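The chain contents come next:
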Amino acid sequence: MKLSTLILPFVLVATGCTTVAVKINFPQVPAELTTPCQDLQLIESGTKKLSQVVAVVAKNYEQYQECQVKVNAWAHWYDTQKKIFDGIK
Amino acid sequence: MTWIIEHTLLLLPTGFWFAFAVIGATIYFFSDFVSAIPPFVPYAKFVKAGGGIMLLAGVYLSGGAGITAEWQRQVTEMQQQVAIAEKSSKDANELIRTMLQEKTKVIYERQIIVQEKIAKDSEKMDAVCQIDPVAIEDLNLAAGGKKK
């Protein structure tokens, strides 16, 4: 069989081939969310003053609150991005 | 080779194959008349078959072109949706970043006030309470440190 006789059937069959390329990029996370939460601060051993203990405890509360805000922001980020992603039909 | 054929087929307007089929049908159904036209006389026996092939190929490729056009329309629509989604995603990120910065600023500012207040009240606190070293050890343990 000559190659030329194969061209027409090949062309006819090739019309059924369709390449669809729609790419969606994974959403970028704000850099502020990717920094890890810090360890809690420890009180220096030998400390006898209550004020120094309270100061460290208050600092640790601050670190917790920072981390809480970050975790809540992560959840908010996920919900928002999921809604946007689900909106694509 | 394949891509040249595909590209050529995509370049043709959708109506081309329909016109091709109509011409094929005309040749097929009026083959007796066409065969009588002087330039086609030597090819009289091929005219009807040729017209039939043109009709079939035209109908098939017209359908294929229609499907391709529909696919392309859907792809364009999807690309537009993706572009809108990516913009919404960036806007949402900006909003989250602003919210995070504002909340963190409030926490820092409150901490400055708290530390100043502790410093101010330290004399009062330290006058009435002496901390036993075991209390420090226990607190550090709770904070994730090791008990010494």
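Data block above holds the structure.
The structure contained in this document is the topic of the report that follows. Bear in mind the structure is a predicted one, so any value in this text is a computation, not a measurement.

**So, the state of the cysteines**
Residues and elements named next belong to chain A.
Argument step 1. Summed over all chains, the structure comprises one disulfide over all chains.
Argument step 2. With a sulfur-sulfur separation of 1.8 Å, cysteine 37 is cross-linked through a disulfide to cysteine 67. Between cysteine 37 and cysteine 67 the sulfur-sulfur dihedral comes to about 95°; the bridge is accordingly right-handed. With cysteine 37 in the loop between helix H2 (31-34) and helix H3 (50-86) and cysteine 67 in helix H3, the pair connects residues that are 30 residues apart, well separated along the chain.

**A look at the side chain of lysine 70 of chain A**
Argument step 1. Mapping lysine 70 of chain A onto the fold places it in helix H3.
Argument step 2. Buried charge lysine 70 of chain A goes without a salt bridge, the closest partner of opposite sign being glutamate 66 of chain A at 5.7 Å.
Argument step 3. Excluding residues within four positions of it along the chain, lysine 70 of chain A makes contact with Glu32, Leu33, Thr35 and Pro36 of chain A together with Leu100 of chain B.

**Examining the packing of aromatic side chains**
Residue and element names in this part refer to chain B.
Argument step 1. Applying the stated criterion across every chain yields a total of five aromatic pairs over all chains.
Argument step 2. Aromatic side chains tyrosine 28 and phenylalanine 29 sit 5.2 Å apart centroid to centroid with 85° between the ring planes, which places their arrangement in the edge-to-face category.
Argument step 3. Residue class for tyrosine 28 comes out partly exposed when judged on its relative accessible area of 31%.
Argument step 4. Classification of phenylalanine 29 as exposed rests on a relative accessible area of 61%.
Argument step 5. Every member of this aromatic cluster is reached through a ring pair, and the members are Phe16, Trp17 and Phe20.

Here is what the cut-offs are and how they apply
- Residues numbered from 1 in each chain as written.
- Chains lettered and ligands numbered in written order.
- Predicted model: local features only at pLDDT ≥ 70, side-chain atom pairs only at ≥ 80, totals over all residues.
- Heavy atoms only, no water.
- Disulfide = S-S within 2.5 Å.
- Helix = DSSP H or I, 4+ residues; strand = E, 2+ residues; numbered from the N terminus.
- Buried < 20%, exposed > 50% of the residue type's maximum accessible area, 1.4 Å probe, protein only.
- Lys, Arg positive; Asp, Glu negative; His and termini not counted.
- Salt bridge = Lys/Arg side-chain N within 4 Å of Asp/Glu carboxyl O.
- Contact = heavy atoms within 4.5 Å.
- Phe/Tyr/Trp six-rings, centres within 6.5 Å; stacked < 30°, edge-to-face > 60°.

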